[in-house]
Amino acid sequence: MKKIAVLGAGSWGTALSMVLADNGYAVSLWSHRKEQAEEILNQHTNQKYLPDVTLPSHIQGTNELSEALDQASAILLVVPAKAMRSVLEQIKDQLKQPMLFIHGVKGIEPGSFKRMSEVIEEEIPASLRTAVVVLSGPSHAEEVSLRHPTTVAVASSDLEAARKAQDLFFNHYFRVYTNEDTVGVEIGGALKNIIALGAGMLDGLGYGDNAKAALITRGLAEISRLGTKMGAHPLTFIGLTGMGDLIVTCTSVHSRNWRAGNMLGKGKKLDAVLQQMGMVVEGVRTAEAAYALAQKMKIEMPITTAIYQVLFDGKHPKTAVDELMDRDKKDEIAPLTHSLAEQIAREK
Ligand SMILES: NC(=O)C1=CN([C@@H]2O[C@H](COP(=O)(O)OP(=O)(O)OC[C@H]3O[C@@H](n4cnc5c(N)ncnc54)[C@H](OP(=O)(O)O)[C@@H]3O)[C@@H](O)[C@H]2O)C=CC1
Ligand SMILES: O=C(CO)COP(=O)(O)O
């Protein structure tokens, strides 16, 4: 039985381990907390992150990175974005041969504002990695752990590596598409969390479906503007990892970003919200990163800016909505066709 090392034993690392175990792989699921690793190993549960789920017995919990990596044929990283670099620093001296690196992280590194595949490529020497693949799409861990039908994309500039990742995860309830646009898949997956915070705020304020549809659609427009400027293919944003993930995260009660936004919309303070969540809410730090990138690259991102101001400048969510509605009159499509023309020119 081939072995996969899964690093990060939160909701998503655990749910993806179940998919791999269902596909016949032995999974070594690493937690940085000893008691959690022992719970997974001995009780076959992960009560904090996926209560009421029984894990297949060939998912072995471990607190030792060396044990997780021993004999593994691929590494799946599923830690919060802010922890990615430190986990890579801990594993790089333990790698004995080049490995396939896959990550399922939807965030941008705080401070450097780098995408996760860039962080992996910086930390792991080329001689120790065969390729880097990102797995992303509309996929709440809670539903995957119930084996409900789910679709995702695996993206890499190395299409063969993406196909290998597709083979690892693909099964009758987990349908996996390949994509060659790593930038678009990573930017869509990370930035949808900011819009999901906004969706929660709208619901918390008591607004309806019109406002939510507007937020999702115009949110996607500004994500696409930034993403294409960073080199993404514009069509990626209407796929699973763009529009698909926006739909699920902005409308599902499973979404931690939506739930956090909802509490903010009802007037709770950010610190209290994050404390109550007790799980990663990637959209908060990603809002900081996207706001900084938008300023640096001179991209208009009014919704991201408004959410940033609610999170960090104490702006009331209702004031943010009012200001967005009162902005200058615009054309809907012209700025997008401009980005598309730029992309076509780049590809020529
Ligand atoms: N949940 C989901 O449905 C999905 C999540 N994702 C993405 O997956 C990534 C992980 O999220 P998710 O699993 O949901 O998060 P959770 O909050 O459920 O779990 C995070 C896990 O990472 C651990 N962790 C925190 N800091 C460190 C560190 N410094 N070193 C090692 N481990 C650490 C936590 O440990 P501790 O318990 O000690 O805090 C916990 O086990 C995020 O980028 C998220 O956007 C993507 C798709 C779906
Ligand atoms: O990315 C996700 C679903 O596709 C999970 O979103 P949350 O982190 O908001 O729960």
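Residues numbered from 1 in each chain as written. Chains lettered and ligands numbered in written order. Predicted model: local features only at pLDDT ≥ 70, side-chain atom pairs only at ≥ 80, totals over all residues. Heavy atoms only, no water.

Draft legend 1. Representation of the pairing of strand β6 (residues 129-136). Counting buried positions along β6 gives seven out of eight residues, so the element sits mostly inside the fold. Summarising the sheet, strand β5 (residues 99-103) and β6 pair through five bridges and their orientation is parallel. Residue pairing across strands places Ile-102 opposite Val-133, the latter belonging to β6. Where the polypeptide runs from β5 across helix α5 (residues 116-123) and back to β6, its parallel neighbour, the crossover connection is right-handed. With three bridges joining them, β6 and strand β7 (residues 150-155) adopt antiparallel strand pairing. The residue of β7 that forms the bridge with Leu-135 is Val-154. (Buried < 20%, exposed > 50% of the residue type's maximum accessible area, 1.4 Å probe, protein only. Helix = DSSP H or I, 4+ residues; strand = E, 2+ residues; numbered from the N terminus. Pairing = 2+ DSSP bridges. Right-handed = clockwise from strand over helix to strand, strands pointing away.)

Draft legend 2. Highlighting the pattern of salt bridges. As enumerated under the stated definition, the model contains 18 salt bridges in all. Taking the shortest distance from any N to any O, the salt bridge between Glu-122 and Lys-114 comes out at 2.6 Å. When the shortest N-O distance is used, the salt bridge between Glu-300 and Lys-330 registers 3.1 Å. With Glu-300 in the loop between α13 (282-297) and α14 (302-312) and Lys-330 in the loop between α15 (317-325) and α16 (334-347), the pair connects residues that are 30 residues apart, well separated along the chain. (Salt bridge = Lys/Arg side-chain N within 4 Å of Asp/Glu carboxyl O.)

Draft legend 3. Up close: the packing of helix α11 (residues 256-265) against helix α12 (residues 270-277). Packing of α11 against α12 brings their axes to within 10 Å, and their N-to-C directions diverge by 140 degrees. Our classification of the angle between α11 and α12 gives oblique. Crossing handedness for the pair α11 and α12: right-handed. The segment α11 lies against α12, with Arg-256, Arg-259, Ala-260, Met-263 and Leu-264 engaging Leu-270, Val-273, Gln-276 and Met-277. Partitioned by chemical class, the residues of the contact of α11 with α12 number six nonpolar, one polar and two charged. (Axes fitted to C-alpha atoms, helices over the stretch in contact; angles between N-to-C directions. Parallel < 35°, antiparallel > 145°, perpendicular 65-115°, else oblique. Left-handed = near helix turned anticlockwise from the far one by under 90°. Contact = heavy atoms within 4.5 Å. Nonpolar A, V, L, I, M, F, W, Y, C, P; charged D, E, K, R; others polar.)

Draft legend 4. Broad picture of the domain arrangement of the protein chain. Split into domains, the protein chain comes out as domain 1 (3-180) and domain 2 (183-347). The distance between the C-alpha centroids of domain 1 and domain 2 comes to 26 Å. With 29 residues of domain 1 in contact, the opposing surface of domain 2 contributes 30 residues. At the boundary of domain 1 with domain 2, the tally comes to two salt bridges. (Domains from an automatic or database assignment.)

Draft legend 5. Quick peek at the pairing of β5. The buried fraction of β5 amounts to five of the five residues, a majority that puts the element mostly inside the structure. Where burial is concerned, the two faces of β5 agree: the one with Met-99, Phe-101 and His-103 and the one with Leu-100 and Ile-102 are both buried. Inspection of the sheet shows strand β4 (residues 72-77) paired to β5 by four bridges, in the parallel sense. Paired with Ile-75 across the strands is Phe-101, a residue of β5. Crossover β4 to β5 through helix α4 (residues 84-91) is right-handed.

Draft legend 6. Just the environment of Glu-186, in detail. Along the polypeptide, Glu-186 turns up in helix α8 (residues 182-205). Overall, the relative accessible area of 6% leaves Glu-186 in the buried class. Remark: the alpha-carbon pair of Glu-186 and Lys-329, spanning 143 residues in sequence, is separated by 31 Å. In this structure, Glu-186 is in contact with His-103, Arg-115, Met-116, Ser-117 and Val-134, ignoring residues within four places of it in sequence. Within the local environment of Glu-186, its side chain forms a polar contact with the side chain of His-103, the two groups lying 2.7 Å apart. (Polar contact = N/O pair within 3.5 Å; in protein donor to acceptor, adjacent residues only side chain to side chain.)

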